[in-house]
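A look at the structure
Each chain, letter by letter, is given below.
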Amino acid sequence: MYLHGTSKINEQGHLEIGGNDVTKLAAEFGTPLYIVDEALVRQRAREYVEAFNASGLKFQVAYASKAFCVMAMCALAEEEGMSLDVVSDGELHTALQAGFPVERIHFHGNNKTVDEINMALDANIGCFVVDNFIELDLLNELAGAKGKRVKILLRITPGVEAHTHDYISTGQQDSKFGFDLGNGSAYRAIQEGLKLNHLEILGVHSHIGSQIFEVEGFRMAVDKVTAFAVQVRDELGLTFQVVNLGGGFGIRYTDEDKPLPLGEYVKAITDAIISNFTHAGYPLPEIWVEPGRSIVGDAGTTLYTVGTSKDIPGIRKYIAVDGGMTDNPRPALYESKYDAILANRANEPVSETVSVAGKCCESGDMLIWDLELPAVHKDDLLAVFCTGAYNYAMASNYNRIRRPAVVFVKDGQADLVVKRESFENIVGNDLIPSRLKKTSVGN
Ligand code: LLP
């Protein structure tokens with residue numbers, strides 16, 4: 001059993017996170033429940049900051065809020081000195097409502113609407129990451145209408161695609177995101193951008209993938225970005241002040257995953273930047289990264305109550321929990337693997353292999369296949385680990401299931417940061433046209 005962060009098994013054989021016995025959390029807040037180990041989030045953020053400090057480079061660590069965007073998380077990111085990457089008006093609104101410092105907000109997205117751009121302009125956010133030619137002109141026009149000049153990065157597709165283990169040098173060309181480096185789009189974007197009075201190009205952005213376990217892809221991206229930076233300086237007279245290398249740093253979901261310590265990814269990037277740019281006689285740029293999963297992923301645990309089970313002798317035993325693909329769509333979407341324990345009897349020896357099903361009306365609603373557990377009974381608590389990233393963020397109301405609550409735990413304290421959805425939330429936006437209304441039931 002691999003326990004992350006402050007998680008441990010206490011004398012009663014119960015899982016404890018942030019000094020809280022999860023059986024008590026279940027009693028107080030109900031299940032399913034997302035539990036976030038605040039100390040582990042802070043530790044991950046600090047691992048990045050320390051590694052960058054060691055490099056001597058100027059930097060920003062922008063938390064990619066898409067991984068888990070709620071107001072308390074924005075507040076935590078702020079406290080840890082991080083910047084924030086948002087990709088929609090909803091994420092931007094969350095950050096603004098949380099009072100996140102606007103100059104540290106970076107706005108991403110491949111199809112920002114006029115309303116979204118205006119909202120971000122009015123908020124005076126720090127930087128727009130421009131994705132395409134239409135946005136380049138639109139942003140210039142909208143900024144101009146407000147008499148503003150805004151800082152931008154151009155998102156480039158560097159032609160490095162990281163599939164966790166293998167790297168394909170040109171595959172990434174076929175992407176919906178960014179200006180392609182290989183076919184000259186990125187170069188033309190800089191040329192165009194330099195003509196636009198309301199935009200200030202700080203540099204470029206590159207993101208090569210997610211859940212990456214090796215540094216080679218990042219090194220390749222730095223090589224491509226350096227060559228581009230030199231070409232742009234020499235031919236167009238623009239010196240990049242900022243290079244943003246995106247996110248994608250992998251985490252350990254199960255024994256199969258072998259991520260590097262976060263500092264090693266940073267060191268590989270900063271070493272490559274320092275060596276390449278120094279070699280090119282280029283002033284060292286400020287380096288930005290955008291980790292999402294590696295900030296919150298392993299700090300999250302989802303606590304479920306076991307309900308029914310179905311034993312098919314010689315084939316498989318299913319156990320069903322009170323959540324599923326609505327709170328964690330990743331196994332159904334990506335065949336993602338998770339590890340879990342019986343949180344109320346964690347010290348008991350393993351004695352059966354079960355597959356964990358959700359409660360949605362769908363055969364694909366499975367959370368974990370073939371999990372080894374002590375004999376499972378109805379009302380046991382199942383804790384699924386590493387659900388901090390892209391779980392709550394991707395949760396849905398399929399089958400009109402209410403989204404779970406989220407608690408932050410630390411030093412024996414547990415604070416509700418998102419309430420469990422209510423039935424009112426479920427029907428709150430529904431309207432019945434008068435022609436469908438009956439005067440009273442039965443008429
Ligand atoms: N920056 C950009 C431009 C991105 O597109 C992403 C993720 C990140 C940063 C953060 O990447 P991270 O450090 O979290 O790997 N829903 C999928 C992951 C989608 C990632 C999308 N972009 C999942 O559940 O695995």
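To keep things clear, this report deals only with the structure shown in the data block. Here the structure is a predicted model, which means the values were calculated and not measured. (Residues numbered from 1 in each chain as written. Predicted model: local features only at pLDDT ≥ 70, side-chain atom pairs only at ≥ 80, totals over all residues. Heavy atoms only, no water.)

Examining the packing of aromatic side chains
Tallied over the full model, the rule gives 13 aromatic pairs. Look at Phe218 and Phe249: their rings are 4.9 Å apart centre to centre, the planes differ by 15 degrees, and that puts the pair in the stacked class. With Phe218 in helix H8 (residues 216–236) and Phe249 in the loop between strand S14 (242–244) and helix H9 (262–279), this residue pair connects regions lying 31 residues apart in the sequence. Of the two residues, Phe218 and Phe249, neither departs from the other in class, the shared state being buried. Grouped by ring-pair contacts, the aromatic residues Tyr48, Phe218, Phe249 and Tyr265 constitute a single cluster. Between Lys112 and the ring centre of Phe107, over which it is positioned, the NZ or CZ distance is 5.7 Å. When the ring centre of Phe423 is taken as origin, the NZ or CZ atom of Arg402, which lies over that ring, is 4.0 Å away. (Phe/Tyr/Trp six-rings, centres within 6.5 Å; stacked < 30°, edge-to-face > 60°. Helix = DSSP H or I, 4+ residues; strand = E, 2+ residues; numbered from the N terminus. Buried < 20%, exposed > 50% of the residue type's maximum accessible area, 1.4 Å probe, protein only. Lys NZ or Arg CZ within 6 Å of the ring centre and 35° of its normal.)

A few points about the pattern of salt bridges
Side chains that carry opposite charge are capable of pairing whenever their charged atoms lie near each other. Scanning the model with the defined rule gives 24 salt bridges in all. One salt bridge connects Glu216 with Arg219, and the closest N-O pair in it is separated by 3.3 Å. Placement of the pair is Glu216 and Arg219 together in helix H8, with a separation of three residues, close to one helical turn. Residue Glu216 is classed as partly exposed on the basis of its relative accessible area of 39%. One salt bridge connects Asp430 with Arg400, and the closest N-O pair in it is separated by 2.9 Å. Of the two residues, Asp430 sits in the segment after helix H12 (423–427) while Arg400 sits in the loop between strand S21 (381–385) and strand S22 (405–410), which places them 30 residues apart along the sequence. (Salt bridge = Lys/Arg side-chain N within 4 Å of Asp/Glu carboxyl O.)

Describing the site of the ligand
Taken together, 18 residues lie near the ligand, and Ser210, Glu290, Arg293, Arg330 and Tyr390 sit nearest. Here Ser210 contributes a side-chain N or O atom positioned 2.4 Å from an oxygen atom of the ligand. Take Tyr390: an N or O atom from its side chain is 2.6 Å from an oxygen atom of the ligand. If the ligand stood free it would expose 590 Å²; the protein chains cover 86% of that surface. The class makeup of the residues in the shell around the ligand is five nonpolar, seven polar and six charged. For the shell around the ligand, the domains that each give at least three residues are domain 1 (8–37 + 297–427) and domain 2 (108–291). (Near = heavy atom within 4 Å. Polar contact = N/O pair within 3.5 Å; in protein donor to acceptor, adjacent residues only side chain to side chain. Areas by Shrake-Rupley, 256 points an atom, 1.4 Å probe, with all protein chains shown as cover. Nonpolar A, V, L, I, M, F, W, Y, C, P; charged D, E, K, R; others polar. Domains from an automatic or database assignment.)

So, the side chain of Arg345
Considering the arrangement of structural elements, one finds Arg345 in the loop between strand S18 (340–342) and strand S19 (352–357). On the basis of relative accessibility, which here comes to 14%, the residue Arg345 falls in the buried class. For Arg345, the side chain forms a polar contact with the main-chain oxygen of Ala375, separated by 2.6 Å.

Digging into the nonpolar core
Side chains of nonpolar character tend, in soluble globular proteins, to be buried together. The biggest cluster of nonpolar side chains holds 93 residues, and the ones touching the most others in it are Tyr63, Phe68, Met73, Phe128, Ile152 and Phe228. Residue contacts for Phe128: discarding those within four places in its chain leaves Phe107, Ile117, Ala120, Leu121, Leu139, Val150, Lys151, Ile152 and Leu153. Membership of the second largest hydrophobic core comes to 19 residues, among which are Val376, Leu382, Val384 and Cys386. (Core = buried A, V, L, I, M, F, W, Y, C linked by side-chain atoms within 4.5 Å. Contact = heavy atoms within 4.5 Å.)

Notes on helix H1 (residues 22–29)
Among all positions of H1, only Val22, Leu25, Ala26 and Phe29 are buried. Along the axis of H1, the buried residues cluster in a sector spanning 100 degrees; they form a single face. Structural note: H1 exposes Lys24, Ala27 and Glu28 on the side pointing more than 90 degrees away from its buried face. After H1 finishes, the residue Gly30 shows a positive phi value of roughly 80 degrees. (Arc of directions from axis to C-beta.)

Bear in mind that shape data such as this cannot, by itself, settle questions of function.
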